[in-house]
Amino acid sequence: MNNPIFVTRPYLPPLEEFMPYLNKIWDSQILTNSGQFHQQLEQALCEYLGVNHIALFTNGTIALVTALQALRITGEVISTPYSFVATTHALLWNGIKPVFVDVDPHTLNLDPAKIEAAITPKTTAILPVHCYGYPCDVEAIQKIADNYNLKVIYDAAHAFGVKINENSLLNYGDLSVLSFHATKVFNTFEGGAIVCPDAKTKLRIDRLKNFGFVDEVTVVATGINGKMSEFNAAFGLLQLKYADEALSKREKIDTLYRKLLQDVKGISCLGGYGKQSSNYSYFPIMVEADYPLSRNGLYDKLKEKNVFSRRYFYPLISDFPMYKGLASANRSNLPVATDVASKILCLPIYPALTQDEQLFIVDLIKKK
Ligand code: T4K
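Rules used in this analysis
- Residues numbered from 1 in each chain as written.
- Predicted model: local features only at pLDDT ≥ 70, side-chain atom pairs only at ≥ 80, totals over all residues.
- Heavy atoms only, no water.
- Domains from an automatic or database assignment.
- Contact = heavy atoms within 4.5 Å.
- Buried area = accessible area lost by both parts, 1.4 Å probe.
- Salt bridge = Lys/Arg side-chain N within 4 Å of Asp/Glu carboxyl O.
- Polar contact = N/O pair within 3.5 Å; in protein donor to acceptor, adjacent residues only side chain to side chain.
- Helix = DSSP H or I, 4+ residues; strand = E, 2+ residues; numbered from the N terminus.
- Buried < 20%, exposed > 50% of the residue type's maximum accessible area, 1.4 Å probe, protein only.
- Arc of directions from axis to C-beta.
- Disulfide = S-S within 2.5 Å.
- Near = heavy atom within 4 Å.
- Areas by Shrake-Rupley, 256 points an atom, 1.4 Å probe, with all protein chains shown as cover.
- Nonpolar A, V, L, I, M, F, W, Y, C, P; charged D, E, K, R; others polar.
- Phe/Tyr/Trp six-rings, centres within 6.5 Å; stacked < 30°, edge-to-face > 60°.
- Expected span 1.5 Å × (residues − 1).
- Pairing = 2+ DSSP bridges.
- Axes fitted to C-alpha atoms, helices over the stretch in contact; angles between N-to-C directions.

A word on the domain arrangement of the protein chain. Along its sequence, the protein chain is carved into domain 1 (15–241) and domain 2 (243–366). Averaged C-alpha coordinates put domain 1 and domain 2 at centres separated by 24 Å. Each side of the interface is counted separately: domain 1 has 42 residues, and domain 2 has 34 residues. Taking both sides of the interface into account, the surface hidden between domain 1 and domain 2 amounts to around 3100 Å²; carbon and sulfur atoms contribute 63%. When the area that domain 1 buries against domain 2 is broken down by residue, the three leading residues are Phe100, Tyr132 and Tyr134, summing to 24%. Linking domain 1 with domain 2 are 0 salt bridges, by the criterion used here. The interface formed by domain 1 and domain 2 contains 17 residue pairs in polar contact (both at pLDDT 80 or more). Contributions of two or more residues to the side of domain 1 that touches domain 2 are made by α4 (86–93), β4 (97–100), β7 (163–164) and α7 (230–241).

Okay, structure coming up:
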């Protein structure tokens, strides 16, 4: 293979199909601040995802920061060390202390059995992540939240379109936050959103993402500029037309990887939950001790052949300098996450990945 194979590639609809949207932007001269495409995309996403309200954002990180503000979260928040660093950064941006709890060895999501022991009088919320789009144990987490009067904000950056029991995964918890970054299954170049259940919360979120303005002369909160532009929203509308097609291409790739890798000693595939609870956004494998190479060895071997897999998520967030001093960041508190972070490798998966490219990747993994 001559061309590099990246861990992901964005799904780009034909360029000429974007031109009519751009013409409309040029005609209206409204480039941002809740224009026509912004409103249309919010509506279209509510319908596509099966949720009540969506507030679009400039990216997932600002959406996370704002979600915490919308629910006035303070004190301590329980979260996972096994995620992209933005999850925990959103807490620090709000002056909140993160409390890391270990993950479940199968889903790699926050382990509900370990949450209660981390709750203190200062705990106000739980911030779990649906890692790789695989659902958290939402029922168990909600039970704990109800017992201790805690809010639940899901970092659902990976979970676009995922359902459980025919219901959108995004309807669980108090709020869910999506990322529409270029590397995600559904992208708006940069972008993100907060999913919320009621109009009152949506209004508060809309104000917070617009500096806290209520009207031309009234500011009620220390809001930020988190608004998605018309360009991004228009691209989202176009991309949404191809969302199902992109998903089914990903599903085929996922199925083939599982088939080809099932007998490879020392390699285990995660997930495999099927259409009901996966969007095939990532293809994580574990490189176990009985594989001839270490995880990093396999990562390097693939890289030498121009296959750019990624170690999502290594290092653990709790190992980064701004977090490692926390008592909960101690590796002895996080044995599962520590182990998994040393074994994980995400293989390339995206709609345009060809069967030949997949065979090439698997062949490299199999070859001694
Ligand atoms: N919470 C979670 C759980 C998250 O995973 C993320 C983001 C967030 C919150 C925050 O959401 P945002 O604020 O980003 O909306 C990427 C993304 O930047 C990040 O969005 C994502 N998670 C994270 C898991 O991955 P990198 O540093 O790995 O991206 P990069 O630039 O190395 O891209 C990976 C590969 O994708 C490249 O090798 C080639 C390909 N690619 C990338 C871009 C940007 C393209 O083909 N085209 C592109 O435009 O962080």
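The subject of this paragraph is helix α1 (residues 19–28). Of all the positions in α1, only Tyr21, Leu22 and Ile25 are classed as buried. Buried residues of α1, seen end-on, are gathered within an arc of 100° and therefore sit on one face of the element. In α1, the exposed positions that point more than 90 degrees away from the buried face belong to Trp26 and Asp27.

The residue after Tyr312, namely Phe313, is reached through a cis peptide bond having omega 10°. Along the chain, the position of Phe313 falls in the loop between β15 (307–308) and α10 (335–343). With an omega dihedral of -5°, the bond running from Tyr314 to Pro315 counts as a cis peptide bond. Checked against the element boundaries, Pro315 lands in the loop between β15 and α10. Of note in this structure, Asn149 is not a glycine but carries a positive phi near 55°. Looking at where Asn149 falls in the secondary structure, it is placed in the loop between α5 (138–148) and β6 (151–155). Since its relative accessible area comes to 70%, Asn149 is described here as exposed. If you check the backbone angles, Asn165 has positive phi at about 50° while not being a glycine. Within the element layout of this structure, Asn165 appears in the loop between β7 and β8 (167–168).

With that settled, the discussion passes to the state of the cysteines. If you walk through the whole model with that rule in mind, you get 0 disulfides. With no disulfide of its own, Cys196 lies 8.4 Å from the sulfur of Cys46, the closest cysteine sulfur. We note that Cys346 lacks a disulfide partner, and the nearest cysteine sulfur, in Cys131, lies 7.8 Å from it. Judged by relative accessible area, which is 0%, Cys346 ranks as buried.

Positionally, Asn232 belongs in helix α7. For Asn232, a relative accessible area of 15% puts it in the buried group. If we skip the residues at most four places from it in the chain, Asn232 touches Thr188, Phe189 and Glu190.

Residues in contact with the ligand amount to 25 residues; listed here are only the nearest, Arg9, Thr61, Asp155, His158 and Tyr312. A distance of 2.6 Å separates an oxygen atom of the ligand from a polar side-chain atom of Arg9. Within the side chain of Thr61, an N or O atom sits 2.6 Å from an oxygen atom of the ligand. Protein chains bury 77% of the 920 Å² of accessible surface belonging to the ligand in isolation. Mapped by element, the contributors of at least two residues to the shell around the ligand are α3 (60–70) and α4. Of the residues in the shell around the ligand, the class split is 10 nonpolar, 11 polar and 4 charged. Counting only domains with at least three residues in the shell around the ligand, you end up with domain 1 (15–241) and domain 2 (243–366).

What follows deals with the packing of aromatic side chains. The way to describe two aromatic rings as a pair is by their centre distance and the angle between their planes. Scanning all chains against the criterion turns up 22 aromatic pairs. Centre to centre, the rings of Tyr21 and Phe37 are 5.6 Å apart; their planes meet at 50°, and the pair counts as tilted. Within this pair, whereas Tyr21 is found in helix α1, its partner Phe37 is found in helix α2 (residues 36–49), the two being separated by 16 residues in sequence. Accessibility assignment for this pair places Tyr21 and Phe37 in one class, buried. Measuring from ring centre to ring centre gives 6.3 Å for Tyr132 and Phe313, while their planes differ by 15°; the resulting arrangement is stacked. Within this pair, whereas Tyr132 is found in the loop between β5 (123–127) and α5, its partner Phe313 is found in the loop between β15 and α10, the two being separated by 181 residues in sequence.

Looking now at α2. Quick reminder: α-helices carry 3.6 residues per turn. Residues three or four places apart thus point the same way. In a regular helix each residue adds 1.5 Å, so 14 residues correspond to 20 Å; α2 covers 20 Å between its end C-alpha atoms and thus fits that length. The set of residues buried in α2 consists of Phe37, His38, Leu41, Glu42, Ala44, Leu45, Cys46 and Leu49. Of the surrounding secondary structure, the elements contacted by the buried residues of α2 are α1, β2 (53–57), β8, β9 (175–179), α6 (199–208) and α7.

The sheet built from 3 strands is open, its strands ordered β13-β14-β16 with antiparallel pairing. At either end of the open sheet lies a strand with only one pairing partner, and these are β13 (267–269) and β16 (344–347). Averaged over neighbouring strand pairs, the angle between their axes works out to 35° when direction is ignored. Bridge count between strand β14 (residues 283–287) and β16: 4 bridges; the pairing is antiparallel. Counted as the bridge partner of Phe283 is Leu347 from β16. Its contacts with the sheet place α10 against β14 and β16, and it is angled at close to 45° to β16.

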